[in-house]
Amino acid sequence: MQYLNQSKTRKILIGLVIIILLISSGPRLDSDLGHEWMVGDERPLIIAHRGGSIIFPENTMAAFEGAAKLGVDVIEMDFQLTSDDKLVTMHDDSVDRTTNGTGLVREMDLEQIQNLDASTNFLDINGDNPWIDTHLPPLTIEQVLDRFLNSPHRLSFEIKNEGVEGEIAAEVMYEAIRIRQMEKRIEIGSFHIESLYAMRNLSEGSIATSGAESEIQKCILLPMLQLDRWWLDPGPASVLQIPMEWDGINLATKGIVDRAHQHGQAVQFWTINERESMDHLIEIGADGIMTDDPILLRDAVLEAGFELPEPWEYTES
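Source: prediction; values computed, not measured. (Residues numbered from 1 in each chain as written. Predicted model: local features only at pLDDT ≥ 70, side-chain atom pairs only at ≥ 80, totals over all residues. Heavy atoms only, no water.)

Here's the deal with the overall build of the protein chain
This is how it is decided: Secondary structure counts use DSSP, requiring at least four H or I residues in a row for a helix and at least two E residues in a row for a strand, with both numbered from the N terminus. A 1.4 Å probe and the Shrake-Rupley method give the accessible areas. Residues count as covered only by the protein chains that appear here.
The number of helices and strands found in the protein chain is 10 helices and 11 strands. In terms of overall dimensions, the protein chain has a C-alpha envelope of 90 × 45 × 35 Å along the principal axes. Counting only carbon and sulfur atoms, one obtains 52% of the accessible surface of the protein chain, whose full area is about 15200 Å².

Structure follows, in structure tokens:
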């Protein structure tokens, strides 16, 4: 009987060893396009969130061109659908917060939207509005792409619509990008999985996308638990756009970044406006930092010993 018990115990131990070896060995699968957004040993990409909304009226050409003149790598912006299925630069569902109008973007046509002034409610850190006597309308995606067609910048787009409307938004966005052959310069994110699915299907994997929340959870938690070999295929979730903390979990660690890199995923943190946080993310090797204050981030990058992106100004060709 004692021999039988020892034999059973031995088999259990051997089985456990085999399981552990399977879990801790084997390939780590790469994302589709993440390597194109990873920076290696270089500095993180300076990403102007909404064009730098502390300095400029958000999601306007003044913000996008202003960020370019300061010197950034990536310009980030949000898109909403109008009633006539045009994509315009707007973060909120309604126009109330940022413009002189009221109402839902989806219930207004393009002409109505572009008659609005998106600088009306802006105040800088001094409480001033340098654009008070100007008219800065929301922009169409075509206007944005045409303005930056020949610039050195990458662009980061967020689809705000969800459900069927998110699928329509993805179709409009992809067509505008495809016509101009700008696929390699653009990353697309959304909190809505159906919008990302639609973009991935339309682009056939030619445009890098972030992950929806469920995809990001999987891509972070499985590597943390050492369960990412064999079973984690990040696929089209090529760029992890994440906050520094999520549900009490500190995501701003070198371990998180390194494990994502093992799967060929770039890691970008949002929305970082504190100098101490910027310094920390530079130190742990983040691939990109989104900020409303690109001036402050430029200072942090420079003091960390890296060269800065050159200022760029649009000129008529």
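Picking up after the structure, the text goes on.
Examining the nonpolar core
Heads up, the condition is: Only buried Ala, Val, Leu, Ile, Met, Phe, Trp, Tyr and Cys residues count toward a nonpolar core, and they belong to the same one when joined by side-chain atoms within 4.5 Å. Accessibility here uses a 1.4 Å probe with only protein chains present; expressed as a share of the type maximum, an area under 20% marks a residue as buried, one over 50% as exposed, and anything in between as partly exposed. The contact criterion used throughout is that any non-hydrogen atoms of two residues lie within 4.5 Å.
Among the nonpolar cores identified, the biggest contains 65 residues, and Phe157, Met173 and Phe269 are the most heavily contacted of them. The greatest single-element share of this core, amounting to seven residues, is contributed by helix 5 (residues 163-179). Residues in contact with Phe157, not counting those within four places in the same chain, are Met77, Phe79, Ile141, Leu145, Met173, Ile177, Ile186, Glu187, Ile188 and Gly189.

Quick word on helix 9 (residues 275-284)
Every buried residue belonging to helix 9 is among Ser277, Met278, Leu281, Ile282 and Ile284, and all of these are buried. Next to the buried residues of helix 9 lie helix 8 (254-262), strand 10 (266-269), strand 11 (288-291) and helix 10 (294-303). The positive-phi residue at the C-terminal boundary of helix 9 is Gly285, with phi of around 90°.

Considering a negative patch on the surface
Note the following rule: Exposure above 30% relative accessible area and the absence of a salt bridge qualify a residue for a patch, where like charges join within 9 Å and nonpolar side chains (Val, Leu, Ile, Met, Phe, Trp, Tyr) within 5 Å. For salt bridges, the criterion is a side-chain nitrogen of Lys or Arg within 4 Å of an Asp or Glu carboxyl oxygen. Under the convention used here, Asp and Glu are negative, Lys and Arg are positive, and both His and the chain ends fall outside the count. All charge positions are set by atom: Lys at NZ, Arg at CZ, Asp at CG, Glu at CD.
A cluster of acidic residues, Asp41, Glu42, Glu307 and Glu310, forms a negative patch at the surface. Among the secondary structure elements, Asp41 is positioned in the loop between helix 1 (2-24) and strand 1 (45-48). Asp41 gets classed as exposed once you look at its relative accessible area, which sits at 76%.

Considerations on the pairing of strand 5 (residues 186-189)
For clarity, the cut-off: For two strands to pair, DSSP has to find at least two bridges joining them. Orient the strands so they point away from the viewer, and a crossover whose first-strand-to-second-strand path over the helix runs clockwise is right-handed.
Going residue by residue along strand 5, you find Ile186 and Ile188 tucked away on one face and Glu187 and Gly189 tucked away on the opposite face as well. Direction of pairing for strand 4 (residues 154-159) relative to strand 5: parallel, over a ladder of four bridges. Residue pairing across strands places Ser156 opposite Glu187, the latter belonging to strand 5. Crossover connection from strand 4 via helix 5 to parallel strand 5: handedness right-handed. Looking at chain direction, strand 5 and strand 6 (residues 208-210) are connected through two bridges and run parallel. Considered in strand 6, the bridge of Glu187 is made with Ala208.

A look at the confidence of the model for the protein chain
The condition that has to hold: Confidence scores per residue from the predictor, reported as pLDDT, run from 0 to 100.
In the predicted model, the protein chain carries a mean pLDDT of 92, and the fraction of residues at 70 or more is 91%. Within the model, pLDDT remains below 50 along residues 16-23, and this stretch shows six contacts once partners closer than five positions in the same chain are excluded.

Side note on a nonpolar patch on the surface
Together, Leu221, Met224 and Leu225 make up a nonpolar patch on the protein surface, roughly 260 Å² of accessible area in all. Turning to its location among the elements, Leu221 is positioned in helix 7 (residues 213-224).

Here we look at the pattern of salt bridges
Two side chains carrying opposite charge are able to pair once their charged atoms lie near each other. All told, the structure shown has 16 salt bridges when counted by the stated rule. We note a salt bridge from Asp92 to Arg97, for which the minimum N-O separation is 2.7 Å. Asp92 sits in the buried class, given a relative accessible area of 18%. Taken together, the salt bridges that share partners define one network made up of Arg50, Glu58, Asp78, Asp92 and Arg97.

Overview of the packing of helix 9 against helix 10
Note the cut-off: For helices, the fitted line uses only the C-alpha atoms of the stretch in contact; every axis is such a line through C-alpha atoms, and the angle between N-to-C directions lies from 0 to 180 degrees. Here the word oblique covers every angle except those under 35 degrees (roughly parallel), over 145 (roughly antiparallel) and from 65 to 115 (roughly perpendicular). Note: crossing handedness is left-handed where the near helix turns anticlockwise from the far helix by less than a right angle, and right-handed where it turns clockwise. Three categories are distinguished: nonpolar for Ala, Val, Leu, Ile, Met, Phe, Trp, Tyr, Cys and Pro, charged for Asp, Glu, Lys and Arg, and polar for the others, with Gly belonging to the last.
Contact pair helix 9 / helix 10: the axes reach a minimum separation of 10 Å and the direction vectors enclose 45°. The pairing of helix 9 with helix 10 is recorded here as oblique in orientation. Handedness of the crossing formed by helix 9 with helix 10: right-handed. On helix 10, the residues touching Arg275, Met278, Asp279 and Ile282 of helix 9 are Leu296, Leu297, Asp299, Ala300, Val301 and Glu303. Among the residues making up the contact of helix 9 with helix 10, the classes are represented as six nonpolar, no polar and four charged.

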